[in-house]
Each structure stands twice: as structure tokens, then as C-alpha cells.
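Letter by letter, the chains look like this.
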Amino acid sequence: MKDLSVSADHSGLPRGIDHVGVTVPDINLAIRFLETALGAVALYRNVTHTQPQQGPQTEKILGLPTGSVVWEMCMMSLGHGPGLELFEIHGPDQRPAVRACDFGIQHFAVYVDDIHAACTRFTKAGGELLTEPQGQPSLEAGPGNMFCYGRAPWGMIIELLSTPSRSRFDDIAPKPRYQPPARHEEQ
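In what follows, the accompanying structure is described. In this text, all values refer to a predicted model and were calculated from it rather than measured experimentally.

About the cut-offs
Residues numbered from 1 in each chain as written. Predicted model: local features only at pLDDT ≥ 70, side-chain atom pairs only at ≥ 80, totals over all residues. Heavy atoms only, no water. Helix = DSSP H or I, 4+ residues; strand = E, 2+ residues; numbered from the N terminus. Buried < 20%, exposed > 50% of the residue type's maximum accessible area, 1.4 Å probe, protein only. Polar contact = N/O pair within 3.5 Å; in protein donor to acceptor, adjacent residues only side chain to side chain. Contact = heavy atoms within 4.5 Å. Disulfide = S-S within 2.5 Å. Pairing = 2+ DSSP bridges. 1 Å grid on protein atoms, 1.4 Å probe; cavity = no way out; pocket = protein on both sides within 12 Å on 5 of 7 lines; lining within 4 Å. Points joined across faces, edges and corners; volume = space filled by probe spheres on them. Nonpolar A, V, L, I, M, F, W, Y, C, P; charged D, E, K, R; others polar. Salt bridge = Lys/Arg side-chain N within 4 Å of Asp/Glu carboxyl O. Expected span 1.5 Å × (residues − 1). Arc of directions from axis to C-beta. Phe/Tyr/Trp six-rings, centres within 6.5 Å; stacked < 30°, edge-to-face > 60°. Lys NZ or Arg CZ within 6 Å of the ring centre and 35° of its normal.

Our next topic: the side chain of threonine 163. Its place among the elements puts threonine 163 in the loop between strand E10 (157–162) and helix H4 (167–170). Classification of threonine 163 by relative accessible area gives buried; the value is 1%. A polar atom in the side chain of threonine 163 sits 2.8 Å from the side chain of arginine 166. Those residues in contact with threonine 163 that sit more than four places away from it in its chain are Tyr111, Gln136, Asn145, Phe169 and Gln179.

For the rest of this paragraph, the subject is the state of the cysteines. All chains considered together, the criterion is met by zero disulfides. Looking at cysteine 148, it has no disulfide partner, and the nearest cysteine sulfur is the one in cysteine 119, 4.0 Å off. According to the relative accessible area criterion, cysteine 148 is buried, its value standing at 0%.

The next subject is the pairing of strand E6 (residues 107–111). The alternating pattern of E6 places Phe108 and Val110 on a buried face, while none of His107, Ala109 and Tyr111, on the opposite face, is buried. In terms of strand pairing, E6 meets E10 through five bridges, oriented parallel. Bridging across to E10, phenylalanine 108 finds its partner in isoleucine 158.

Before going further, it helps to examine the layout of surface pockets. The space that makes up the largest pocket amounts to roughly 1200 Å³. Along the wall of the largest pocket there are 40 residues; nearest its centre are His80, Ala109, Val110, Tyr111 and Pro180. Of all the secondary-structure elements, those providing two or more residues to the lining of the largest pocket are helix H1 (27–38), strand E5 (83–90), E6, helix H3 (115–124) and E10. The element contributing the most residues to the lining of the largest pocket is E6, with five residues. In terms of residue class, the lining of the largest pocket is built from 22 nonpolar, nine polar and nine charged. As a volume, the second largest pocket reaches approximately 900 Å³.

Our focus in this paragraph is the pattern of salt bridges. Scanning all chains against the criterion turns up six salt bridges. Between arginine 95 and aspartate 93 there is a salt bridge; the shortest N-O distance is 3.5 Å. Where aspartate 102 meets arginine 99, a salt bridge forms, and the shortest distance between an N and an O atom there is 2.9 Å. Owing to a relative accessible area of 52%, arginine 99 belongs among the exposed residues under this scheme.

Structural remark: α-helix, 3.6 residues per turn; residues separated by three or four positions point the same way. Compared with an ideal rise of 1.5 Å per residue, which puts 12 residues at 16 Å, H1 spans 16 Å between its outermost C-alpha atoms and is within 8% of the ideal. All of the buried residues along H1 are Ile27, Ala30, Ile31, Phe33, Leu34, Ala37 and Leu38. Down the axis of H1, the buried side of the element spans an arc of 165°, and every buried residue falls inside it. Residues of H1 that are buried make contact with strand E2 (41–47), strand E4 (69–77), E5, E6, H3 and E10.

What follows concerns the packing of aromatic side chains. Within a pair of aromatic rings, the relevant descriptors are the distance that separates the centres and the angle that separates the planes. The full count for this structure, using the stated rule, is three aromatic pairs. Relative to tryptophan 154, the ring of phenylalanine 33 has its centre 5.8 Å away and its plane inclined at 90°; by these criteria the two rings are edge-to-face. Placement of the pair is phenylalanine 33 in helix H1 and tryptophan 154 in the loop between strand E9 (146–151) and E10, with a sequence separation of 121 residues. Here phenylalanine 33 matches tryptophan 154 in class, with each residue buried. Residues phenylalanine 147 and tyrosine 149 carry aromatic rings whose centres are separated by 5.8 Å and whose planes lie at 85° to one another, so their mutual orientation is edge-to-face. Taken together, Phe33, Phe122 and Trp154 form an aromatic cluster joined through their ring pairs. The residue whose ring lies beneath arginine 177 is phenylalanine 169, and the NZ or CZ to ring-centre distance is 5.4 Å.

Structure follows, in C-alpha cells:
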């Protein structure tokens, strides 16, 4: 097999992450939480209760167990960066949100400039902080570099992260780590 990582051919390589899909038990509550806690914006609903997706083809496309129904889907914008695609899917044998020790995507992180204000918004919106904000460990340590994990009302883990001091890791990396640009709200 040819190692494409050193090839000049970049065809087929991703530009970056477009969106992260999240299944929630109640899409309207999740939208309100994300709007309030993180300033997210609902862009559009692609699936609605009036026209749910279900049946063998939907089950095959999404890898769902027989009898599952996609009740709603909403694409959301979250500052600068990937979108969040919320799904309200009901099906047999549903499980709670994954934990950090479970396989698969176990959290997403949002970059914030003021972690203490972000934690306040998060809890006022109905989220639960797992700890208070704390300094980044190891190579990510630096003045102002902090993080905090929180649990959304439906159990998913969201990390609040601020890394204004990046030289320790950017200086040794082959390219700088992505940092979303400053958020400029429309007036």
C-alpha cells in the first residue's frame, strides 16, 4: 500500500471537520441548551416530526437497529469551526451517552476566551461542571491555559478550553494547532 502522507497528491484529503453528529433525547431542549450555554445558532432542520426518516433504507444508511426512527435533525453553527448536527433518534436498546473510557467520540471541545464566564453560562443553561476550571497539564500548560469538562443535560461531555499560551506545543509541532478566530458578533 502506498503511503499517501508524503505524496504531493492531496486529492481525496479532507479540508477539515465539517460537523460533529450528536444524538439527543429531546432536540428542542438540546437546541435551547446549546443556544444558551454556547451561543450556538440553529441553521436548519432537515428532518422533522412531520416527515421522520425510518425504514430499512434509513436503518442501512445510518447503521441503525431495526425499528429506529429519526424524528428530527437540526444543523447548528457554533462560532467559527465545525457545525453540530443534532439528531433525535428513537430506537430499540438505546444507551446513555458515552463516558471518557468508552470507544468512539466521547466529547467535543469549544474554545472560549473567558473560561469562568463560559462555565457560568454552561451551568445556568442546565449543564453540570465535572470540576472547576483548572490549568492545562503537561505540554499544554502555560499562562491562562485552562480547561473544564461539563455534562450537557442529556449526558454528553463538552470541554470548555482556553489556550492563549501556545508556544510550548506549537513550537514543537510540524504546524500550529488550530485555534478558532476571535468571535465577532453581528450588531
